[in-house]
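An overview of the molecular structure
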Amino acid sequence: MTLATSPFAYVPGASRLHRLSAVPKLVWLIAALVFCLVALNPVPLALVLSAAWALALGAGVGGPMWRAMRVLGPLAASIVVLQVAAPTSCPGGCSPLATLGPLTITAEALGRGIAYVLRLLAMASVAVVVLVTTRPADFFGALRRLHAPHPVALVLATTMDLVPLLGRELAIVLDAQRARGLRTTGIRALLPALLPVFVAAFERVGRLAISMEARGYGAGIARTSYRTTAYGRMDRALAWAGAGAGVIGATLGLARWGVGSVPAVAVPAWAAVGIVGVAALAFAAVIGRALVAVARA
Amino acid sequence: MTEPPDPVIALAGFGFRHVAASREALDRVTLEVRLGEYVGVLGAPGAGVTTLLTALDGVVPQLVRGETFGAISVLGRDPRVVPVREWARHVGLVFDDPSLGATQATVADEVAFGLENLGVPAAEMDPRITAALNSVGLAGFESRVPSTLSGGELQRLAIACALVTGPSILVLDEPSANLDPAGRRAVFGILRRLNREHGVTILVADQAVEAFADDATRIVVLDQGRVVADGVPADVLGSPATLGRLGIRSTESAVLGEALGLPAPVPTTVEQIARRLGRRVRGAAAGLPARRAADSTPAAGEEAVSLVLVDVRDVTYRYPGAAAPAVAGASLTVAAGEVVGIVGANGSGKTTLGRLVNGLLRPAAGSISVDGLDTSSHPVRTLAAHVSSVFQDPARQLFAATVADELALGPRALGLSEARISERVRELAQALELGDLLERHPLRLGRAERKLVALGAVLTMDPRVLVLDEPTTGAGVRLAGIMEERVRAAAANGCAVLIASHDMAFLGRVAQRLIVMDGGRLVADAPARQVFVDAPLLAMAGLEAPAVTRVALRLGDVGAEPWPPVSLEEAVLALRVAGSADHRVGEGDAVP
């Protein structure tokens, strides 16, 4: 079941990245995400993507990274297709590369598509590499250390726990449907499955809330903290460096690689057709599969 | 700490009605509990037990909304007014599902959660955490991750979490519902120690009455929200017929005593009844029974013809990412008309074996054939016409908007005619006593009724093979009785039935054969009778023979057949034959 191997679930390990305090990881993650959002340029985005992959391979979590990339593949393909198909405004005049029937592929549109795809992959990669090397509980601790209010930290941490939980529940319900001889593909199968999934999840969350409150959670007393996770001088320095990098990155990104400055990607006509063709095929495959599923239901 | 007021709990005419409910969940309950008492609370599903227990720290009505009546006082304060979260240092609450996960870190973090909430300085936490873990037998578990604990260990952790804040009252609602016999013994052993050695006041509701009959100082019985009995266990549990009318099963020992015609109040524990019967049963010899038990006749009629419907051959299955296989090298067959129990500790592979048989999991090695179909080469949807399963949690397998639709869903998927479908639905609704609920939404029913609907939903498919996972958990006597009947009826129709369960009394009544699993391995496949006398096997697999069997074994071989008895009916017959035959016998007469 794919849900059991969600690319975002923690993968136990003993690498440097695993052992690093969650605080600098969280700060660097935020910095990287902000940078990716402001800088829309293939070069810095590719750099972020490669850095995330280097970290992932170093920490032995290439598997989940690869799964995340595969999940995002169809979305990436559709971005390229839609960018190329949409009318592009080019301040300095468009430079057509090739023509595919009614479709004209311009260097500007292609550049834009590639930049968006790189942004998507870079952001997903940094998120995955941090998520899979950090235990949810450590995130909770890090959020607390960064002075996030306790309830906010708790909600974030339990939400991370809830995603795999919902996945497991859905898998069980779909199994139950199959075991009863019902269809388990298509919208018509999924809808009735969602109700038991949410009923089960709500019942569980309700019980958790009751049991937490019965254990004194939310009492008006200043909470103390049992765990004082190792948070050394080095971690602190790294966290500050992350914050600094975030500010510099954001400024640089806005100044140099802002939205208006996406470079055109001028490639030979055959390459342009190839890129768009492959993306279009992948896109069509996804749409086709969805249509078949709906028709079957 | 100041001296707590006594009684510690006092309810006077206390009532509660859920928002939008038509009748009171609790109705004019008057009850006093003194410091250091150990109170067992009994009631059929829906009798108001959970409502009563959770009212003690204000969950009802603060988190579960509704209207209250009368007066309630716990340790001199009104739990309706004092916020739930402020009760943590006075009342500890434990549910059937450990509901942990407040921190998702280590065992120590989980226990520390309550202390953090109360603002206990970090330096004082470790000794208190250690003490709480020690008191539940989890010393040294501090750095373990809860998800790696067994069901019994998790439940003990939940008790430690409740204890760490130092409550003087511990309230537990079905703490052993999901536990194997060994886990159950451990949990109730802890409660006994907390009560006797630390003076903790305990209120516990659990279907396994046996587990606390000896320890409780008092039993309170609820029916339709009212207290209908309140007294020492010997009196309340000693009248099994009275309890039976309320849909509550007393201890198996008491039921046996009554069926044998002992005067009320009858003895309530294995120990007591064996002592009492010992005087009456002629020739009661000490020592274990002879091993001829192994080849004595099975409980139900044995068919000479054996059409094998389930054929599991050398099957191994490992969950992705798991270090050890969940099922390893298992081989077994189940014939038409056979009822086979799968028993073993939590995590021994029972559920996995069931999921392999219905095709949801495919063996990594070996093969499984169900009604002649290889599960590896047929889609689950095809297999569904031959094998049906009822899952442990029925909420996950109910999809329709009404109970009637739910029952019709399977046959409709099989393409039966509407006339035939409505006929089947009608028949089953009657057999399962669901007639009044046909227009209700399945997910708005209680857990026990959901279970029955889930069973009905698969029985409408008229399966050749039926796989049930913990069918009697939380079901209560009435529903368990209906299930028992349906299982027998299905078997009589030639259905092969596999039941994974911790309920040895239930299996003793319905199963001819038991498969014993331990760590994914199939360690025994033998008649129930033979398994229940194999003490080393039972100990290894964390199991326990039914109470009636233990009573008989204590009496020693009395020369009755079959020996030892594994069900109430057999025990009545055996012990009546062995003793004087002059007393009244209840259902025992119906035994062939």
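Residues numbered from 1 in each chain as written. Chains lettered and ligands numbered in written order. Predicted model: local features only at pLDDT ≥ 70, side-chain atom pairs only at ≥ 80, totals over all residues.

**A short note on the overall build of chain A**
The condition is simple: By definition, any uninterrupted DSSP run of H or I lasting at least four residues is a helix, any uninterrupted run of E lasting at least two residues is a strand, and each is numbered from the N terminus. Whether a residue is buried, exposed or partly exposed follows from its count of other C-beta atoms within 10 Å of its own C-beta, namely 20 or more, 12 or fewer, or something in between, respectively; the C-beta atoms are built from the backbone. By definition, residue pairs are in contact when their C-beta atoms, positioned from the backbone, come within 7 Å.
A tally of regular secondary structure across chain A gives 10 helices and 2 strands. Its helices and strands in sequence order give chain A the pattern α-α-α-α-β-β-α-α-α-α-α-α, from N to C terminus. Counting all 297 residues of chain A, 38% fall into the buried class. Sequence separation of 24 or more characterises 81% of the internal contacts of chain A that already satisfy a separation of 6 or more.

**Concerning the interface of chain B and chain A**
Quick note on the threshold: Each residue receives one of three labels: charged for Asp, Glu, Lys and Arg, nonpolar for Ala, Val, Leu, Ile, Met, Phe, Trp, Tyr, Cys and Pro, and polar for the others, Gly being one of them.
Across the boundary between the two partners, chain B contributes 54 residues, which contact 43 residues of chain A. For the side of chain B that touches chain A, the secondary structure elements donating two or more residues are α3 (107–117), α4 (122–135), α13 (380–383), α14 (403–413) and α16 (447–459) of chain B. Top contributing element to the side of chain B that touches chain A by residue count: α3 of chain B, with 7 residues. The class makeup of the residues in the side of chain B that touches chain A is 34 nonpolar, 12 polar and 8 charged.

**Some points on the sheet that holds strand β1 (residues 9–18) of chain B**
All names here are of chain B. Rules: Two strands qualify as a pair provided that DSSP identifies no fewer than 2 bridges between them. In this analysis, axes come from line fits to C-alpha atoms, helices being fitted only over the stretch in contact, and the angle between any two N-to-C directions falls in the range 0 to 180 degrees.
Taken together, the 3 strands give an open sheet; going across it, the order is β2-β1-β4, and neighbouring strands pair in antiparallel fashion. In the strand order of this sheet, the two ends are held by β2 (26–33) and β4 (66–74), each with one partner. For this sheet, the mean inter-axis angle between neighbouring strands, taken without regard to orientation, is 20°. Pairing geometry for β1 and β2, over 5 bridges, is antiparallel. Counterpart to Leu 11 in the pairing with β2 is Leu 31.

**Thoughts on the nonpolar core**
Put simply, the rule is: A set of buried residues qualifies as a nonpolar core if it consists of Ala, Val, Leu, Ile, Met, Phe, Trp, Tyr and Cys joined through C-beta atoms within 7 Å.
Core analysis: the largest hydrophobic core is formed by 208 residues, its most contacted members being Val 41, Val 111, Ala 160, Leu 256, Val 357, Val 497 and Val 551 of chain B. Element by element, the count of residues in this core is highest for helix α5 (residues 151–163) of chain B, at 8 residues. Discounting residues that sit within four places of it in the chain, Val 551 of chain B has contacts with Ser 253, Leu 256, Val 270, Ile 273, Ala 274 and Ala 571 of chain B. In this structure, Val 27, Met 65, Leu 97 and Trp 257 of chain A belong to the second largest nonpolar core, which totals 58 residues.

**Structural notes on the environment of Arg 135 of chain A**
Turning to its location among the elements, Arg 135 of chain A is positioned in the loop between α5 (107–131) and α6 (136–145). Residues Arg 135 of chain A and Ala 52 of chain A, 83 residues apart in the sequence, show an inter-C-alpha distance of 18 Å.

**Things to note about the packing of α5 of chain B against helix α6 (residues 181–198) of chain B**
Residues and elements named next belong to chain B. To keep it simple, the criterion reads: Angle categories: roughly parallel below 35 degrees, roughly antiparallel above 145, roughly perpendicular from 65 to 115, and oblique for all the rest. Handedness of each helix crossing follows the sense of rotation of the near helix against the far helix: counterclockwise by less than a right angle gives left-handed, clockwise gives right-handed.
Direction vectors running N to C along α5 and α6 enclose 20°, while the axes themselves pass 8 Å from each other. In terms of orientation, α5 and α6 fall into the roughly parallel class. Between α5 and α6 the crossing geometry is right-handed. Mapping the contact onto sequence places Gly 151, Gly 152, Gln 155, Arg 156 and Ile 159 in α5 and Ala 182, Gly 183, Ala 186, Val 187 and Ile 190 in α6. For the contact of α5 with α6, the residue count by class is 5 nonpolar, 4 polar and 1 charged.

**Here's the deal with helix α3 (residues 42–58) of chain A**
Residues and elements named next belong to chain A. Selection criterion: A helix is expected to span 1.5 Å multiplied by its residue count minus one.
Here α3 is 17 residues long and its end C-alpha atoms lie 24 Å apart, about the 24 Å a rise of 1.5 Å per residue gives. Turning to α3, its buried residues number three or more, namely Pro 42, Pro 44, Leu 45, Val 48, Leu 49, Ala 52, Leu 55 and Ala 56. Taken together, the buried residues of α3 touch α1 (16–19), α2 (22–38), α4 (62–85) and α5. Immediately downstream of α3, the backbone of Gly 60 shows phi near 75°, a positive value.

**Re the pairing of strand β15 (residues 387–390) of chain B**
Residue and element names in this part refer to chain B. Going residue by residue along β15, you find Val 387 and Ser 389 tucked away on one face and Ser 388 and Val 390 tucked away on the opposite face as well. Taken together, the 4 bridges between β15 and strand β16 (residues 465–469) define a ladder with parallel strand orientation. Within β16, the residue paired with Ser 388 across the bridge is Leu 466.

**Some details on unusual backbone geometry**
Residues and elements named next belong to chain B. With omega at -10°, the peptide bond leading from Ala 264 into Pro 265 counts as cis. Mapping Pro 265 onto the fold places it in the loop between α10 (252–259) and α11 (270–280). Omega for the peptide link from Trp 563 to Pro 564 comes to -10°, which places this bond in the cis form. Looking at the secondary structure, you find Pro 564 in the loop between α21 (547–555) and α22 (568–578). Its identity is not glycine, yet Glu 433 carries a phi of approximately 55°, on the positive side. Looking at the element boundaries, Glu 433 is found in the loop between α15 (418–431) and α16. The phi dihedral of Glu 470 falls on the positive side, at around 45°, and the residue is not glycine. By secondary structure assignment, the location of Glu 470 is in the loop between β16 and α17 (476–492).

Just distances and angles here, no functional claims.
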